[in-house]
Amino acid sequence: MTRLFLPLVSLLALALWAAPALAKDSHLAVARKLFADGEYDKVVEVTARVVKKDADYAKARYLSGEALLLLAKPADAAKAFSAVVKLRPKAAPAWVGLAHASIRTQEFDEAKIAVDKALKLEAKNAEAWRALGELHLAKEESKPALKALKKAVGYAPTDPAAARSYVVALLAAEKSKEAVSAATRLISKRKKHPMGSFLLGLALEQRGKHAAAITAYEKALALDDAFLDAHKNLAILCHTMSRTYQNAARVKKAMHHYERYFALGGKDDKLKQTYLTTKGYMDRFPKPTK
């Protein structure tokens with residue numbers, strides 16, 4: 001029972017908009033620091049202080065758009081990216097951002113226009129190829145999705161976001177063996193990054209190798225305990241494989257990862273109901289002994 005989560009945005013795109021060091025009191029400089037710290041709400045707040053007459057306006061709108069994507073506010077992100085491309089029509093990263101936002105609002109025609117603009121400007125832009133692949137995935141077009149995402153991985157072989165989308169596409173096409181290989185390649189290239197192990201867990205889970213999938217997810221969390229999706233997948237998988245609460249170790253592990261997921265800000269309401277129901281059951285009945 002594999003759950004497939006699409007990535008939001010690769011931080012590689014931000015590097016394309018890097019600028020010389022700014023004054024300490026620059027709104028853009030403050031916003032960049034907040035972005036690096038994961039304070040996305042504050043990024044939006046600070047970048048809003050940069051007005052149209054400011055030299056940093058386009059860069060501020062771009063950063064705001066990326067933050068809004070990560071805050072799951074794609075309609076607002078689209079407005080931010082649209083403001084950028086009006087001022088800088090040759091800014092490929094902004095077109096890519098607009099494509100990502102439009103995919104999430106299911107405005108597929110707008111997404112295609114945006115990604116085509118990006119690829120016309122930069123034919124080897126891995127982020128643009130990833131956006132194109134995700135567009136095809138959203139439209140349930142498996143073959144073109146795989147073709148585009150293979151290009152994304154080819155242009156950015158160490159990018160966790162590109163690898164994640166590629167593995168998602170492989171699993172959607174029921175190519176779990178190839179997904180294992182893709183995840184293993186990322187692990188070899190980015191040994192200290194959790195994404196490879198997480199993707200390996202996804203692929204192994206689809207192949208029915210549940211114990212190995214649990215181990216892979218745990219390796220991802222050993223590298224980054226704040227990896228929400230790894231906690232989520234572990235909670236669900238351990239719960240599912242607990243043999244209706246008979247496997248005490250897996251029940252205990254499931255509860256731990258449910259708790260970590262919500263403590264870290266997880267917002268899956270359906271999962272929360274499952275967790276609360278399970279917790280209620282565990283509180284009412286004796287805990288399993290095996």
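Residues numbered from 1 in each chain as written. Predicted model: local features only at pLDDT ≥ 70, side-chain atom pairs only at ≥ 80, totals over all residues. Heavy atoms only, no water.

Chemist: What am I meant to see in unusual backbone geometry here?
Modeler: Negative phi values dominate among residues other than glycine, just as trans dominates among peptide bonds. Unlike most non-glycine residues, Gln106 shows phi in positive territory, near 60°. Structurally, Gln106 can be placed in the loop between α6 (92–104) and α7 (108–121). The phi dihedral of Glu174 is positive, around 60°, even though this residue is not glycine. Relative to the assigned elements, Glu174 resides in the loop between α10 (160–172) and α11 (176–189). What makes Glu174 exposed here is its relative accessible area of 69%. (Helix = DSSP H or I, 4+ residues; strand = E, 2+ residues; numbered from the N terminus. Buried < 20%, exposed > 50% of the residue type's maximum accessible area, 1.4 Å probe, protein only.)

Chemist: For this particular structure, what's the right way to read the nonpolar core?
Modeler: Generally speaking, nonpolar side chains in soluble globular proteins are found buried as a group. If you look at the biggest cluster of nonpolar residues, it comprises 75 residues, and the most contacted ones within it are Phe198 and Leu199. In terms of residue count, α10 provides more of this core than any other element does, eight residues in total. Among the nonpolar cores identified, the runner-up in size contains 12 residues, and Leu28, Leu34, Phe35 and Ala60 belong to it. (Core = buried A, V, L, I, M, F, W, Y, C linked by side-chain atoms within 4.5 Å.)

Chemist: Could you clarify how one ought to interpret the pattern of salt bridges in this entry?
Modeler: Here the idea is simple: oppositely charged side chains can pair when their charged atoms come close. Considering all chains together, one arrives at 11 salt bridges under this definition. Here Lys33 ties to Asp37 by a salt bridge, and the two come within 2.6 Å at their closest N and O atoms. Given a relative accessible area of 45%, Asp37 falls into the partly exposed group. Asp116 serves as the salt-bridge partner of Lys112, at 2.8 Å between the closest nitrogen and oxygen. Here Lys112 and its partner Asp116 are both found in helix α7, four residues apart, which amounts to about one turn of the helix. Residue class for Lys112 comes out partly exposed when judged on its relative accessible area of 34%. Here the residues in one salt-bridge network are Arg104, Glu127, Arg130 and Glu134, joined through shared partners. (Salt bridge = Lys/Arg side-chain N within 4 Å of Asp/Glu carboxyl O.)

Chemist: What am I meant to see in the confidence of the model for the chain here?
Modeler: Atomic detail in the predicted coordinates should be set aside for any region of low pLDDT. Mean pLDDT over the chain works out to 89, with 87% of the residues at or above the 70 mark. Between residues 18–24, whose pLDDT stays under 50, and residues either more than four places distant or in other chains, the model counts nine contacts. (pLDDT = per-residue confidence, 0-100. Contact = heavy atoms within 4.5 Å.)

Chemist: Explain the packing of helix α13 (residues 210–223) against helix α14 (residues 228–240) to me, please; I cannot follow it from the model alone.
Modeler: Here α13 crosses α14 at 155°, and the two axes come no closer than 9 Å. It follows from the interaxial angle that α13 and α14 lie roughly antiparallel. The chirality of how α13 crosses α14 is left-handed. Together, His210, Ala213, Ile214, Tyr217, Glu218 and Leu221 of α13 and Ala230, His231, Asn233, Leu234, Leu237 and Cys238 of α14 make up the contact between the two elements. Looking at the contact of α13 with α14 residue by residue, the class counts come to eight nonpolar, three polar and one charged. (Axes fitted to C-alpha atoms, helices over the stretch in contact; angles between N-to-C directions. Parallel < 35°, antiparallel > 145°, perpendicular 65-115°, else oblique. Left-handed = near helix turned anticlockwise from the far one by under 90°. Nonpolar A, V, L, I, M, F, W, Y, C, P; charged D, E, K, R; others polar.)

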